[in-house]
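# Topology and contacts: notes
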Amino acid sequence: MNPLFHYMKFGWKENRRPNRWFAPSLVERGVMLGNPETPPFVLFLSSLNEGEFLKFKEVTEKRLYLDFGHADCWHCTVMRGHFDSAYYRARYPDVPEDCDALRHFCEQGWRERRNPNAGFDTAYYVLANKDVEEAGLNPFVHYITDGRNEGRKPRPVRPLDQKVLRQLVSVEEAAARAGRNAFDLRFEDSNLLVIKTLAQITKKRSVFLSVSHDRYTAHTGGVQKFIRDEEGYAMAEGHVYFHLCPAFPMLCLAPVASASSFLANVTINGEFLGTFTLAEIADVLGALRKKKLKVAHCVIHSLMGWHLPSLAGCLEEAGGSTHFYTHDYFAICPEHRLLRNGIAPCNAPALGAPDCSVCLHGVARARCDEVVAAFFGSLKPEIVYPSASAREMFVRTRYAALPGRIVPHIAVSRGAVETAPAVRTRADAGNPAIRIAFCGAAVAHKGFPLFEEVVEHCRGDARLEFFHFGADKSTLSGVTHVATRLDQGRSVMAEALKEKAIDIVIVPSIWRETFNFIAYEAVKGGAAIIATEESGNVRDFVTQTGIGAIVSGWEDIVSLLCDPALAEDIGGWKQAGAALRLTPNRSIFTRESA
């Protein structure tokens, strides 16, 4: 049967198309309803004036090149000046080497939602433009010929923000999720705590009481690393290190509870001893006091997961000098990084301010503020700031009236320039490529999505190699993963950076960091640092020491990496880092050092 006759008689009624680019949606709905017995393609052609018809004829003839072999493909001609072959091959290593990358994209790549360059997201464009999908058009060709002139977007606007917002939950939901999972529950007789503590006592007969949000011996992170060190300092001073954390860790305050029902895990001198109620722990501390053991110091590292009235009662029973470490901003807001809706720094606006009311955590902040204030009011702790950046934020709040001091986790000083070790050159390393790394967990607030953007826009650049150092491997292609975990040793990160001859560590944090061990480990590993303007004390560390550069976003990082003078800059940054002396401070045993 003649195909044209079939279409006019049957095909259009069966929703068949007369060609690959026409879709009924191109005809106004009112016109179709007014002519129910006329094929949509006929209605479309009859609606064109002479100029529109000539334009349609021209486009049609160009598309007919598809029937005469790919060498004459009009689509490829359109895309050739915009298609990035090096990026495509780096992003999709499964493309055969003997296959032309542009032809692969034209014939099948776009149908598989592959991207032709770092600036065009095929899957997003199809999803956002249903008419293009319905017409079966190559989305990249459509964008070049029509879409960009029509104001259509080639990729999501601020894709990181959209991803974070989709995953955003309230503190109540966070608490509910945590409540569905129990961690490390091991119920023991509370007399065990008395026996174990007495077995560990020294001539000093004193206890160092520590409070945080999880078991520092079972989890990795900056705070846990610091507590491990603090345990060593306390034991060296002759104290028994008595650590408490919620049995149900959560990134918010615990729901309503009481001392007789709230469960906490106890670790003494690094040994996990079990799960007890806060009432039992208070009784144990009372029993130890009767045995002439006193609590010399109580250091609070985090309020997350705690029922504060119950915790306050327990710590008041314990006695001793009380100190509160501002490792983050949880005491100010349940969004402990002070990111409005998880995506932008808010700098702790006044309660009830418009900037606070538009955030999902604004209501929870107002509710938690009174509880936290009552907790500090009853204990009146000394505030210990890991950095000037952290103190700047807290002095804007009601806690400015409390006594405080700055004790950085790491003391930074300069050695004599002539004593600084020589910086290894690229030739010495035997590899001409510049090696760039992201260190730590692949999470949004640490800036991993910014690192992803940098990798995407630098794919195919043979001068650059990218690495990710961390416990968990990300799915980012084109990046070499190097497994590093705290349980492998204290200096594992610095040693791994040095072994891989990393030149630059990117610290793209989007929140105001109070401290960041990665920055110090990068210097110890012989690398320079690129940090963001929002990164708090990392920004200050880089600026004050001259060990790298400060940028405003991933675009600046890409520009910096493409700068012909980068290799020379790296040499100067490394030399500045080699002259630094990094000395760990001894927790509260160190006087103010900044």
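The paragraphs below set out a description of the structure included in this document. Not measured: the values here are computed from a predicted model.

## Observations concerning the overall build of the chain
Looking only at helices and strands, the chain has 26 helices and 18 strands in total. Expressed as a percentage of its 594 residues, the buried residues of the chain come to 52%. Surface accessibility of the chain: about 27,700 Å² in total, with carbon and sulfur atoms responsible for 53%.

## A short note on the state of the cysteines
Throughout this description, disulfide means a covalent bond between two cysteine sulfur atoms. A complete count under the given rule lists zero disulfides for this structure. Lacking any disulfide linkage, cysteine 346 is separated from the closest cysteine sulfur, that of cysteine 333, by 6.3 Å. No disulfide involves cysteine 356; its sulfur sits 6.3 Å from that of cysteine 333, the nearest cysteine. Owing to a relative accessible area of 7%, cysteine 356 belongs among the buried residues under this scheme.

## Some details on the pattern of salt bridges
Under the definition given, this model contains 25 salt bridges. Between glutamate 112 and arginine 114 there is a salt bridge, with the nearest N and O atoms lying 2.7 Å from each other. Of the residues examined, glutamate 112 reaches a relative accessible area of 40% and is grouped as partly exposed. Accessibility expressed as a relative area gives 11% for arginine 114, which makes it buried.

## Observations regarding the sheet that holds strand 5 (residues 294-300)
Read from one edge of the open sheet, eight strands run 4-3-2-1-5-6-9-10, paired in mixed fashion. Every other strand in the sheet has two partners, leaving strand 4 (271-277) and strand 10 (404-406) as the edge strands with one partner each. Each adjacent strand pair in this sheet contributes to an overall mean axis angle of 25 degrees, direction not counted. Of the strand pairs in this sheet, strand 6 (residues 321-325) and strand 9 (residues 382-385) are connected by three bridges, and their pairing is parallel. Within the sheet, the bridge partner assigned to tyrosine 325 lies in strand 9 and is valine 384.

## Digging into the packing of aromatic side chains
Taken as a whole and judged by the stated rule, the model has 26 aromatic pairs. Centre to centre, the rings of phenylalanine 83 and tyrosine 88 are 5.2 Å apart; their planes meet at 55 degrees, and the pair counts as tilted. Relative accessible area serves as the criterion here: at 0%, tyrosine 88 is assigned to the buried category. Counting every residue linked through ring pairs, the aromatic cluster contains Phe83, Tyr88, Tyr92, Phe105, Phe120, Tyr125, Phe140 and Tyr143. The cationic tip of arginine 215 hangs over the ring face of phenylalanine 272; the distance from NZ or CZ to the ring centre is 4.0 Å. In this structure, lysine 225 is placed above the aromatic ring of phenylalanine 517, and the distance from its NZ or CZ to the ring centre is 5.0 Å.

## Some details on the packing of helix 22 (residues 492-499) against helix 23 (residues 517-524)
At a minimum axis distance of 8 Å, the contact between helix 22 and helix 23 shows a crossing angle of 45 degrees. Classified by the interaxial angle, the pair formed by helix 22 and helix 23 is oblique. When the axes of helix 22 and helix 23 are compared, the crossing they make is right-handed. Between helix 22, through Met493, Ala494, Leu497 and Lys498, and helix 23, the contact on the second element is made entirely by Ile518, Glu521, Ala522 and Lys524.

Procedures and definitions
- Residues numbered from 1 in each chain as written.
- Predicted model: local features only at pLDDT ≥ 70, side-chain atom pairs only at ≥ 80, totals over all residues.
- Heavy atoms only, no water.
- Helix = DSSP H or I, 4+ residues; strand = E, 2+ residues; numbered from the N terminus.
- Buried < 20%, exposed > 50% of the residue type's maximum accessible area, 1.4 Å probe, protein only.
- Areas by Shrake-Rupley, 256 points an atom, 1.4 Å probe, with all protein chains shown as cover.
- Disulfide = S-S within 2.5 Å.
- Salt bridge = Lys/Arg side-chain N within 4 Å of Asp/Glu carboxyl O.
- Pairing = 2+ DSSP bridges.
- Axes fitted to C-alpha atoms, helices over the stretch in contact; angles between N-to-C directions.
- Phe/Tyr/Trp six-rings, centres within 6.5 Å; stacked < 30°, edge-to-face > 60°.
- Lys NZ or Arg CZ within 6 Å of the ring centre and 35° of its normal.
- Parallel < 35°, antiparallel > 145°, perpendicular 65-115°, else oblique.
- Left-handed = near helix turned anticlockwise from the far one by under 90°.
- Contact = heavy atoms within 4.5 Å.

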